[in-house]
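Residues per chain, in single letters:
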Number of protein chains: 2
Amino acid sequence: MGDTVGDELRRHKVDVITNVEITAIESSKCLRVSGTNGFEQSADLVLLATGVKAASQLAVQAGISTGQKGAIQVDQSMRTNIPDIYAAGDCVETWHRVLQQYKYLPLGTTSHKQGRVAGENAVGGNRKFAGCVGTQVVKVFDLAAARTGLREQEAKAAGFKPLTVETVAWDHKVYYPGAQEMRIRVTGDIVSGRLLGAQIAGHWRSEVAKRNDIFATALFHGMSVEDFNDLDLSYTPPLSSPWDPVQLAAQAWCRKASSR
Amino acid sequence: MGDTVGDELRRHKVDVITNVEITAIESSKCLRVSGTNGFEQSADLVLLATGVKAASQLAVQAGISTGQKGAIQVDQSMRTNIPDIYAAGDCVETWHRVLQQYKYLPLGTTSHKQGRVAGENAVGGNRKFAGCVGTQVVKVFDLAAARTGLREQEAKAAGFKPLTVETVAWDHKVYYPGAQEMRIRVTGDIVSGRLLGAQIAGHWRSEVAKRNDIFATALFHGMSVEDFNDLDLSYTPPLSSPWDPVQLAAQAWCRKASSR
């Protein structure tokens, strides 16, 4: 999937350089960036995306327990270990519904849900955060790349026996103009048949994000890949096919799983 | 919702005439169509869309039971009342998962699913048709209009106590160019809180069809409108908001339901 994103960047004249570790950024007239393998580049602006850590010093000082990347530990009611102190958002560990464990996954969607739970409980309510399933989407020029659930290696690390099958499918019937191909990767557990995750890369106008959400909703309910084909999804020739691309991908997974 | 579709047709110079019953179509040089309220129109082509009936004469002659609009009666294995004869597609009654009864709803998506079940069982398999939830979408010029589950009046007729709330929401964050509004109608049962159906009308590039499928997947699992807000859906500013429009619609429903 990374290749697809890289290709889209290069198609728009972005230089993509990998396998270089940046060792220095020096400021003279402009910024001079140097790295391993003899990398040298000048730049007007350098944007660093090196991950996120929770800024939880205030909580630590108050005696609140923290865990992964300094994130505050909470229960499903968004309670910390100190009575009457609730936490939510980018500073907390998030319950992952597929992994059935806490992870540090700071995202706006999750923060909104957690904030609602924390706020309601802080005023005497009794709401539970149902957990995330690892849903994300990014738009890169004309490409949308979305994921939900676990990728192959994450599923393996979590003790599942994953099988990942990739399918290329048209976003709608090719006899209707403007059809675009999308790549869909489905990961399922070969022991239980359970859906574990999906990734989609395609044109951002191909309903990639909300197709990903069909997988996300199925994951929320712990569906099997096989049962995913039973979903009654919208079809009209300009927008899909009688089996939606997400179901064609699920069927490809089932064929591969049963032929093993 | 019908008004929205009518407006889109008129915006593209289509005359929309309602409340006229066509009484005659006569052929001379062209076709002359006449109707009630003094309606007179000439046309090169007349397309009638007056509903569908099952062409099940062959089945009837073979002693197979039929029901609504002449459609063949089947069980969830797609078996007819005659051993070793299976039926699927536009000629059969379809199990409706929300209504928990058979309805005549001939659609391509359903036919494909039923055909797979009938075919597999005919060669000794043991697959069950999980039922439809009444999902449909149509593209009308730049508009997509989608529905799933029950509309207000259908829910009432089925014995539910429906409440329907309509929301207008942007398809993505307005600070990112090209945001379009969509209308979302959510129908839920005020006694149980259960989601019963949804309708969306919006720009066909606003992921209307697949947003409808998030509702369809939730309906498949019998989710409540409240729990619908727990779904972990894709967000990036060009494609959605931290609460997706479908969840904003569900929240509007919950507010209205709790204020009654």
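Parameters at a glance
- Residues numbered from 1 in each chain as written.
- Chains lettered and ligands numbered in written order.
- Predicted model: local features only at pLDDT ≥ 70, side-chain atom pairs only at ≥ 80, totals over all residues.
- Helix = DSSP H or I, 4+ residues; strand = E, 2+ residues; numbered from the N terminus.
- Buried ≥ 20, exposed ≤ 12 C-beta atoms within 10 Å, placed from the backbone.
- Contact = placed C-beta atoms within 7 Å.
- Nonpolar A, V, L, I, M, F, W, Y, C, P; charged D, E, K, R; others polar.
- Pairing = 2+ DSSP bridges.
- Axes fitted to C-alpha atoms, helices over the stretch in contact; angles between N-to-C directions.
- Domains from an automatic or database assignment.
- Least-squares fit on C-alpha atoms with pLDDT ≥ 70 in both.
- Expected span 1.5 Å × (residues − 1).
- Parallel < 35°, antiparallel > 145°, perpendicular 65-115°, else oblique.

In this section: the overall build of chain A. Within chain A, the secondary structure is distributed over seven helices and 10 strands. A buried classification covers 40% of the 260 residues belonging to chain A. For chain A, contacts bridging at least 24 residues in sequence account for 52% of all contacts bridging at least 6.

Looking now at the interface of chain B and chain A. A common way to express how large an interface is: the accessible area buried when the components associate. Each partner contributes to the interface: chain B provides 40 residues, whereas chain A provides 40 residues. Elements that contribute at least two residues to the side of chain B that touches chain A include exactly α3 (108-122), β6 (136-140), β7 (143-149) and α5 (208-220) of chain B. It is α5 of chain B that provides the largest number of residues to the side of chain B that touches chain A, a total of 10 residues. Residues of the side of chain B that touches chain A, tallied by class, amount to 20 nonpolar, 11 polar and nine charged.

The next point concerns the environment of Leu196 of chain B. All names here are of chain B. Its location among the elements puts Leu196 in strand β10 (residues 195-203). A tally of 26 C-beta atoms within 10 Å means that Leu196 is categorised as buried. The sequence separation of Leu196 and Leu31 amounts to 165 residues, and the corresponding C-alpha distance is 44 Å. With sequence-adjacent residues up to four places away left out, Leu196 is seen in contact with Val98, Gly149, Leu150, Ala155, Phe160, Pro162, Thr187, Gly188 and Asp189.

On to the sheet that holds strand β3 (residues 40-43) of chain A. Residue and element names in this part refer to chain A. Here three strands make up an open sheet; going across it, the order is β1-β2-β3 and the pairing antiparallel. Looking at strand neighbours, the two that pair on one side only are β1 (22-27) and β3, the edges of this open sheet. Taken over all neighbouring pairs, the strand axes of this sheet differ in orientation by 20 degrees on average, direction set aside. Across four bridges, strand β2 (residues 31-35) lies against β3 in antiparallel orientation.

Next up on the list: the sheet that holds β10 of chain B. All names here are of chain B. Across the sheet, five strands lie side by side as β6-β7-β10-β9-β8; this open sheet has antiparallel pairing. Each edge of the open sheet is held by one strand with a lone partner, namely β6 and β8 (162-170). If you compare each strand with its neighbour and ignore which way they point, the axes differ by 10 degrees on average. In the sheet, β7 pairs with β10 via seven bridges, with the strands oriented antiparallel. Bridged to Leu143 within β10 is His203. In the packing of helix α1 (residues 2-11) onto the sheet, contacts are made with β6, β7, β9 (181-189) and β10, and the angle to β7 comes to roughly 160 degrees.

With that settled, consider unusual backbone geometry. Residue and element names in this part refer to chain A. In the Ramachandran plot, Asn19 falls in the positive-phi region, its phi being about 60 degrees despite a non-glycine side chain. Structurally, Asn19 is set in the loop between α1 (2-11) and β1. A tally of 8 C-beta atoms within 10 Å means that Asn19 is categorised as exposed. Positive phi outside glycine occurs at Asn37, with the angle close to 60 degrees. Inspection of the secondary structure assignment puts Asn37 in the loop between β2 and β3.

Here chain A is partitioned into domain 1 (2-43), domain 2 (57-122) and domain 3 (136-258). Here the C-alpha centre of domain 2 of chain A lies 35 Å away from the C-alpha centre of domain 1 of chain A.

We now examine the relation of the copies chain B and chain A. Mapping chain B onto chain A leaves a residual RMSD of 0.0 Å; the transformation is a rotation of 180 degrees accompanied by 0.0 Å of translation along its axis. Given the turn and translation reported, the copies of this chain are related as if by a two-fold rotation axis. Of the residues that chain B buries at the interface, 100% are likewise interface residues in chain A, meaning the two copies contact each other through the same surface.

What follows is about helix α3 (residues 108-122) of chain A. An α-helical turn contains 3.6 residues, so any two residues separated by three or four positions project in the same direction. Spanning 15 residues, α3 of chain A covers 21 Å between terminal C-alpha atoms, matching the ideal 21 Å at 1.5 Å per step. Positive backbone phi, at 95 degrees, marks Gly124 of chain A, one or two positions downstream of α3 of chain A.

Below, the discussion takes up the pairing of strand β7 (residues 143-149) of chain A. All names here are of chain A. β7 sits mainly inside the fold: seven of its seven residues count as buried. Taken together, the five bridges between strand β6 (residues 136-140) and β7 define a ladder with antiparallel strand orientation. Its bridge partner being in β7, Gln136 is matched across the sheet by Arg147.

Before going further, it helps to examine the packing of helix α5 (residues 208-220) of chain A against α5 of chain B. For the pair α5 of chain A and α5 of chain B, interaxial distance at closest approach is 8 Å and the crossing angle is 10 degrees. By the angle class used here, α5 of chain A and α5 of chain B are roughly parallel. Of α5 of chain B, the residues touching α5 of chain A (which contributes Lys210, Arg211, Asp213, Ile214, Thr217 and Ala218 of chain A) are Lys210, Arg211, Asp213, Ile214, Thr217 and Ala218 of chain B. Its residues assigned to classes, the contact of α5 of chain A with α5 of chain B comprises four nonpolar, two polar and six charged.

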